[in-house]
There are 2 protein chains.
Amino acid sequence: MKTRFVLINTSHAGNVGATARAMKVMGFGDLVLVAPRWANVLRREETIQRASGALDVLNNARIVATLDEALDGMTHLCATAMTPRDFGPPTRAPREHFAALLGGADLLLKSELTAPAIQGREADFSSKPGGVAFLFGSERFGMQNEDVYRCHVALSIPTDPAFGSLNLAAAVQLIAYDWREALGGFSVQAAVAESPEADAAAVAGMLKHWEEALAAIGFLDPASPKKLMPRLNQLFNRARLRPEEIHILRGVAKAMSQKAWPVPGEMGAPAKTPAKP
Amino acid sequence: MKTRFVLINTSHAGNVGATARAMKVMGFGDLVLVAPRWANVLRREETIQRASGALDVLNNARIVATLDEALDGMTHLCATAMTPRDFGPPTRAPREHFAALLGGADLLLKSELTAPAIQGREADFSSKPGGVAFLFGSERFGMQNEDVYRCHVALSIPTDPAFGSLNLAAAVQLIAYDWREALGGFSVQAAVAESPEADAAAVAGMLKHWEEALAAIGFLDPASPKKLMPRLNQLFNRARLRPEEIHILRGVAKAMSQKAWPVPGEMGAPAKTPAKP
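Everything in this summary refers to the structure shown in the same document. Computed from a predicted structure; not experimentally measured. (Residues numbered from 1 in each chain as written. Chains lettered and ligands numbered in written order. Predicted model: local features only at pLDDT ≥ 70, side-chain atom pairs only at ≥ 80, totals over all residues. Heavy atoms only, no water.)

### A closer look at the overall build of chain A
Condition: Only DSSP runs of H or I with at least four residues qualify as helices, and only runs of E with at least two residues qualify as strands; both kinds are numbered from the N terminus onward. Relative accessibility thresholds used throughout: buried, under 20% of the residue-type maximum; exposed, over 50%; partly exposed, between the two (1.4 Å probe, protein chains only). Residue contacts follow a heavy-atom distance rule, with two residues in contact if any of their heavy atoms lie within 4.5 Å. Accessible surface is estimated by sampling points in the Shrake-Rupley manner with a 1.4 Å probe; for residues, cover comes only from the protein chains shown.
Looking only at helices and strands, one finds 12 helices and 7 strands in chain A. A total of 277 residues make up chain A; the buried ones form 46% of that total. A fraction of 80% describes how many contacts in chain A between residues 6 or more apart in sequence connect residues 24 or more apart. Accessible area for chain A stands at about 14,300 Å²; split by element, carbon and sulfur atoms hold 55% of it.

In structure tokens:
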């Protein structure tokens, strides 16, 4: 789906660069600046430094004089505005709104529907938008009311009521992330191939091995085992052992036994307690 | 739940300030710096500028020499590392992991469970952690392997495979956001009290009013109405009209009729077509 980020009256070059980077890591590339403070903001040193490699986003960015010029092809306009207003589009959290916008009818049905209105509500999101624009106001003053009035929704990122001061580029990053996730998201590459878990038989066999070894080194008294083995069983259950870890633990048990009975072939023999006089 | 953000070997003062701000907007305040590049980083001008009011987070932050000193009271360690590694904790997307960590048993059941292992898997997340630490490596080199090895999970924020260069403070912002949302989230204050939708009877009454007015101004030919009124009905259904909007639209209809028949009391009279000769 066509997605555009629109920065209106942005003051800080660093925020423009950081916005480009924030967009690019989430796979977006369409950036339009409406009347930024610096006419050369796309080429300023701080912009390029904070963009950190997202230079194609800067190179493809457009600078326009009015919001109207920024919105060609866009059908669904999302204001990002924190200030309460006397009038305007409904305020929504991004995740909730994106789910509804992309067809999450279940979310709509959860809301306070009255029977006669159901048909209207369903129709509202019956087709996905052709292009979605996210509008961000200036660092100091946010969005102007007249710009908010024309939007379909005011997205509000849920922040601490006592400190809602979200940096502009940070807001772009969060919206880009939530929108990308709503669109299906990127996959996470597992750094390590995860092996399957060892089955219960393998765990039980290892524990039997440990029981003998712990008796051999004198830690477990077979005559009074208490709850030692069930406790170890619970510990290893929580650890969800992998086959190679079973192997390691069996190796430890073997080494314990060998320490107790240095002569080969004696593993599993009863513990060497001194013969009683 | 106790939550701590740990920055390891951070180079840029601006990132420390932006991290404090990113934490605070999501309601977190426990920041520990392990061997930062600048010993006075908490008091540097760039730090304070980028913190933008999150000075209490900076004032309460600790600087320590080793990761060990940063982890007192923490029971669940989350690495944030992009680099694939030969060995280490499982890699997970933050949202998925947080849901599982906080009791989302349904997520666990969705994964490739083998019957004997179910008990073990369930037990793994049977109790919530006492304290969660998020570890972030240096801007240039990320986290050291030895630091990743001791973590319970490697969180990987899903980014564009072609450009995964997430700024450090942006990563903190996303993790803080997902973690806050997983913990229940802050609520979004509706800027405008939303009125309920007008019911179907109100819409039908308004449409009847419009039908008369459109006939009065000569736009609708009652003898050949085509599909005009059903089209308007669909349009207004999609708009999910509010009662005050019904009022506005009835006002428009009234004004149309009055323009057509300036004499009071004539509303609803047949359109004034010149008498045919």
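### Some remarks on the sheet that holds strand E6 (residues 131-136) of chain B
Residues and elements named next belong to chain B. We count it as follows: One bridge is not enough; two strands pair if DSSP finds at least two bridges between them. Geometry is summarised by axes, namely lines fitted to C-alpha atoms with helices restricted to the contacting stretch, and by angles between N-to-C directions that run from 0 to 180 degrees.
Pairing is parallel across the open sheet formed by 7 strands, whose spatial order is E3-E2-E1-E6-E4-E7-E5. Across the chains shown, the open sheet's two edge strands, defined by having one partner strand only, are strand E3 (62-64) and strand E5 (91-92). In this sheet, strand E7 (residues 153-155) lies alongside strand E4 (residues 76-80) in parallel orientation, the contact comprising 3 bridges. Bridge pairing in E7 links Cys 78 to Val 153. Contacting strand E1 (2-8), E4, E6 and E7, helix H9 (residues 168-182) crosses the sheet at an angle of about 160° to E6.

### Thoughts on the pairing of strand E6 (residues 131-136) of chain A
Residue and element names in this part refer to chain A. Across the 6 residues that make up E6, a large majority, 6, are buried. As paired strands, strand E1 (residues 2-8) and E6 are joined by 6 bridges and run parallel to one another. Considered in E6, the bridge of Phe 5 is made with Phe 134. Both strand E4 (residues 76-80) and E6 contribute to a ladder of 5 bridges, which runs parallel.

### Side note on the pattern of salt bridges
Put simply, the rule reads: A carboxyl oxygen of Asp or Glu within 4 Å of a side-chain nitrogen of Lys or Arg is what we treat as a salt bridge.
Under the definition given, this model contains 18 salt bridges over all chains. Measuring nitrogen to oxygen at the nearest pair gives 3.0 Å for the salt bridge that ties Arg 150 of chain A to Asp 68 of chain A. Within this pair, whereas Arg 150 of chain A is found in the loop between helix H8 (145-149) and strand E7 (153-155), its partner Asp 68 of chain A is found in helix H4 (residues 67-70), the two being separated by 82 residues in sequence. For Arg 150 of chain A, a relative accessible area of 37% translates into the label partly exposed. Judged by its relative accessible area of 53%, Asp 68 of chain A is exposed. Across the pair Arg 4 of chain B and Asp 72 of chain B runs a salt bridge, and its minimum N-O distance is 3.4 Å. Of the two residues, Arg 4 of chain B is situated in strand E1 and Asp 72 of chain B in the loop between helix H4 (67-70) and E4; the sequence distance between them amounts to 68 residues.

### Brief notes about the sheet that holds strand E5 (residues 91-92) of chain A
All names here are of chain A. With respect to topology, 7 strands assemble into an open sheet ordered E3-E2-E1-E6-E4-E7-E5, the strand pairing being parallel. The open sheet has two edge strands, strand E3 (62-64) and E5, and neither has a second partner. Note that E5 and E7 share 2 bridges and pair parallel. Bridging from a neighbouring strand, Arg 92 pairs with Leu 155 of E7. Lying over the sheet, helix H5 (residues 94-101) contacts E4, E5, E6 and E7, oriented at roughly 140° with respect to E7.

### Section: the packing of helix H10 (residues 200-216) of chain A against helix H11 (residues 228-239) of chain A
All names here are of chain A. Short version of the rule: The scheme is simple: roughly parallel for angles under 35 degrees, roughly antiparallel for over 145, roughly perpendicular for 65 to 115, oblique for anything else. By convention, the crossing between two helices is left-handed when the near helix turns anticlockwise from the far helix through less than a right angle, and right-handed when the turn is clockwise.
Running from N to C, H10 and H11 cross one another at 140°; their axes reach a closest spacing of 11 Å. Considered as vectors, H10 and H11 are oriented oblique to each other. The crossing of H10 and H11 is right-handed. Between H10, through Val 203, Met 206, Leu 207, Trp 210, Glu 211 and Leu 214, and H11, the contact on the second element is made entirely by Leu 228, Met 229, Leu 232, Asn 233 and Phe 236.

### Concerning the side chain of Glu 197 of chain B
Residues and elements named next belong to chain B. Put simply, the test is: The definition of a polar contact used here is a pair of N or O atoms within 3.5 Å, where within protein one atom must be able to donate a hydrogen and the other to accept one, and adjacent residues in sequence count solely through side-chain atom pairs.
Residue position: Glu 197 is located in the loop between H9 and helix H10 (200-216). Residue classification places Glu 197 among the buried residues on the basis of a relative accessible area of 14%. Here the side chain of Glu 197 touches Arg 240 through a polar contact of 3.5 Å, side chain to side chain.

### Things to note about the environment of Val 153 of chain B
Residues and elements named next belong to chain B. Mapped onto the elements of the fold, Val 153 is located in strand E7. Between the C-alpha atom of Val 153 and that of Ala 35, which follows or precedes it by 118 residues, the distance is 23 Å. Apart from the residues lying within four places of it in its own chain, the contact partners of Val 153 are His 76, Leu 77, Cys 78, Ala 79, Pro 89, Pro 90, Arg 92 and His 97.

### What about the state of the cysteines?
Residue and element names in this part refer to chain A. Heads up, the rule is: Cysteine sulfur pairs qualify as disulfides if the two atoms are within 2.5 Å.
Tallying each qualifying case throughout the model produces 0 disulfides over all chains. Counting only cysteine sulfurs, Cys 78 is the nearest neighbor of Cys 151, a cysteine outside any disulfide, at a range of 7.5 Å. Residue Cys 151 is classed as buried on the basis of its relative accessible area, which comes to 7%.

### Remarks on the environment of Arg 50 of chain B
Looking at where Arg 50 of chain B falls in the secondary structure, it is placed in helix H2 (residues 45-51). For the pair formed by Arg 50 of chain B and Val 153 of chain B, sequence separation is 103 residues and the distance between their alpha carbons is 30 Å. Apart from residues no more than four positions distant in its own chain, Arg 50 of chain B is found in contact with Arg 50 of chain A together with Gly 14, Gly 17, Ala 18 and Arg 21 of chain B.

### Some words on unusual backbone geometry
Residues and elements named next belong to chain A. Unlike most non-glycine residues, Ser 52 shows phi in positive territory, near 45°. One non-glycine residue, Lys 226, lies in positive phi territory at about 50°. Positionally, Lys 226 belongs in the loop between H10 and H11. Since its relative accessible area comes to 71%, Lys 226 is described here as exposed.

### Side note on helix H9 (residues 168-182) of chain A
All names here are of chain A. For clarity, the threshold we go by: In this scheme, a helix's expected span is set at 1.5 Å multiplied by one less than its residue total.
Taking 1.5 Å of rise per residue, the 15 residues of H9 would be expected to cover 21 Å, and the 21 Å separating its terminal C-alpha atoms lies within 8% of that figure. For H9, the buried fraction is high: 13 of the 15 residues fall into the buried class. Immediately beyond the C-terminal end of H9, within one or two residues, lies Gly 184, with a positive phi of roughly 125°.

### Some words on a negative patch on the surface
Counted only if it meets this: Nonpolar side chains (Val, Leu, Ile, Met, Phe, Trp, Tyr) within 5 Å and like charges within 9 Å form the patches, drawn only from residues with over 30% relative accessible area and no salt bridge. For the purpose of charge, His is not counted, nor are the chain termini; Lys and Arg are scored as positive and Asp and Glu as negative. Taken as the charge centre is NZ of Lys, CZ of Arg, CG of Asp or CD of Glu, depending on the residue.
Among the surface-exposed residues, Glu 45 and Glu 46 of chain A together with Glu 45 and Glu 46 of chain B lie close enough to one another that they form a single negatively charged patch. Inspection of the secondary structure puts Glu 46 of chain B in helix H2.

### What to know about the environment of Ala 200 of chain B
Looking at the secondary structure, you find Ala 200 of chain B in helix H10. In this structure the C-alpha to C-alpha distance between Ala 200 of chain B and Asn 15 of chain B, which are 185 residues apart in sequence, comes to 55 Å.

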